[in-house]
Amino acid sequence: MEFFRIKKDIPFMRHALIFNVISALTFVAAVFFLFYKGLHLSIEFTGGTVVEVAYQQPADLEKIRKTIEGLNYAEFQVQSFGTAQDVMIRLPAQKGVDAGRQSEQVFAALKSQDAGVTLQRVEFVGPQVGDELAHDGLLALAMVVIGIVIYLAFRFEWKFAVAAIIANLHDVVIILGFFAFFQWEFSLTVLAAILAVLGYSVNESVVVFDRVRETFLDRRNSRMSTADVMNHAITSTISRTIITHGSTEAMVLSMLLFGGATLHYFAIALTIGILFGIYSSVFVAAAVAMWLGVKREDLIKPVKEKDETDGAVV
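Cut-offs applied
Residues numbered from 1 in each chain as written. Predicted model: local features only at pLDDT ≥ 70, side-chain atom pairs only at ≥ 80, totals over all residues. Heavy atoms only, no water. Buried < 20%, exposed > 50% of the residue type's maximum accessible area, 1.4 Å probe, protein only. Helix = DSSP H or I, 4+ residues; strand = E, 2+ residues; numbered from the N terminus. Arc of directions from axis to C-beta. Polar contact = N/O pair within 3.5 Å; in protein donor to acceptor, adjacent residues only side chain to side chain. Core = buried A, V, L, I, M, F, W, Y, C linked by side-chain atoms within 4.5 Å. Contact = heavy atoms within 4.5 Å. Phe/Tyr/Trp six-rings, centres within 6.5 Å; stacked < 30°, edge-to-face > 60°. Pairing = 2+ DSSP bridges. Axes fitted to C-alpha atoms, helices over the stretch in contact; angles between N-to-C directions. Parallel < 35°, antiparallel > 145°, perpendicular 65-115°, else oblique. Left-handed = near helix turned anticlockwise from the far one by under 90°. Nonpolar A, V, L, I, M, F, W, Y, C, P; charged D, E, K, R; others polar.

A.B. asks: Just give me the short version of helix H3 (residues 61–69), but keep the residues and values in it.
C.D. replies: Within the sequence span of H3, burial applies to Leu-61, Ile-64, Arg-65, Thr-67 and Ile-68. All buried residues of H3 lie within an arc of 160° about the axis, which places them on one face of the element. The opening residue of H3, the one whose side-chain oxygen lies 3.3 Å from the backbone nitrogen of Glu-62, is Asp-60.

A.B. asks: Describe in detail the nonpolar core, supporting the description with residues and values.
C.D. replies: Of all hydrophobic cores here, the largest spans 58 residues; its most connected members are Met-13, Leu-152, Ile-194, Phe-209 and Val-212. Of all the secondary-structure elements, those providing two or more residues to this core are helix H5 (127–155), helix H6 (158–182), helix H7 (188–217), helix H8 (226–236), helix H9 (238–258) and helix H10 (260–291). It is H10 that contributes the most residues to this core, 17 residues altogether. When residues no more than four places from it in sequence are discounted, the contact partners of Ile-194 are Leu-141, Val-172, Ile-175, Leu-176 and Phe-186. Ile-64, Val-78, Val-87 and Val-117 belong to the second largest nonpolar core, which has 17 residues in total.

A.B. asks: Which residues make up the packing of aromatic side chains, and what values go with them?
C.D. replies: On inspection of all chains with the given rule, the structure shows 17 aromatic pairs. Each ring, one from Phe-179 and one from Phe-186, has its centre 6.3 Å from the other, and the planes form 90°; the classification is edge-to-face. There is no split in this pair, since Phe-179 and Phe-186 are both buried. Ring geometry for Trp-184 and Tyr-265: centres 6.3 Å apart, planes at 35°, overall tilted. Taken together, the residues Trp-184 in the loop between H6 and strand E6 (185–186) and Tyr-265 in helix H10 connect sequence positions 81 residues apart.

A.B. asks: Mind laying out the pairing of strand E4 (residues 83–92), listing which residues take part and the relevant values?
C.D. replies: Along any regular strand the residues' side chains alternate between the sheet's two faces. Here strand E2 (residues 48–54) pairs with E4 via seven bridges, running antiparallel. The residue of E4 that forms the bridge with Val-51 is Ile-89.

A.B. asks: An account of the packing of helix H1 (residues 16–36) against H10 is requested, with residue identities and associated values reported.
C.D. replies: Running from N to C, H1 and H10 point in directions that differ by 115°, and their axes come no closer than 10 Å. Here H10 runs roughly perpendicular to H1, going by the angle between their axes. In this structure, the crossing between H1 and H10 has a hand that is left-handed. Residues Ala-16, Leu-17, Phe-19, Asn-20, Ile-22 and Ser-23 of H1 form the contact with H10, whose participating residues are Tyr-279, Phe-283, Val-284, Ala-287 and Trp-291. The class makeup of the residues in the contact of H1 with H10 is nine nonpolar, two polar and no charged.

By themselves these figures say nothing about function.
So, in structure tokens, the structure goes:
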């Protein structure tokens, strides 16, 4: 589907160096804030108390949050669990206060607001579980990266694989840099968003690289330079990019604006990933592939010469 078509190729690669310098500086800044400030990890990673309560009617999550804030909890999570009547509350671990006392204090405050609330479950999540989650999350991220490299190397050529993974890691590190700089809470839902961004970003790179391959293999374009091929490939996919990313971002913005506190940082991570995913596919992945020396011969399998002795009768 194309709502519009650009007849003249846009010279993206003419400005690739400038934009990649900006990308490099942004990447370095993100790494700096990751080491200097670090991520503001959620209770799922640091440990704490999980309290599940049930209401007789749909729960008012904002009212519950204000009630818990009145108990001097600076960091906590409140979200629906299963149904609108069931609520899960995550409380940070406090020195000198056990999980039982925390849950009793919170439940008493909720009970004073609504006598119909019932306590379903109390569970303590220790730091060891948080460390295991962090380890498993990093392992999942590494496996996704390795899988993408292998897929692109087989689908296209190793230069494309290197270019795409540099662009994808660029997106991931910048998302983490935003979370470190603003000290937004990094939870399992944010980690899920980052894994989604990896797949989403590589999909955009694959679309562009597919058009690059088609352009290279078209004999009518045999005299085009690599930069011109990249410009043509990106320009010819702009309509698809705008439609796809515009539709996706509209859905993500609806989660950001109306999804409440539970989906807030998940939607922020996706928004950053989508915007930088478009940018990196054009100015990072395509430019790096060009600088690595991608050429027409890389995408054409050499024709095996037929041995003249084959089939000869002795």
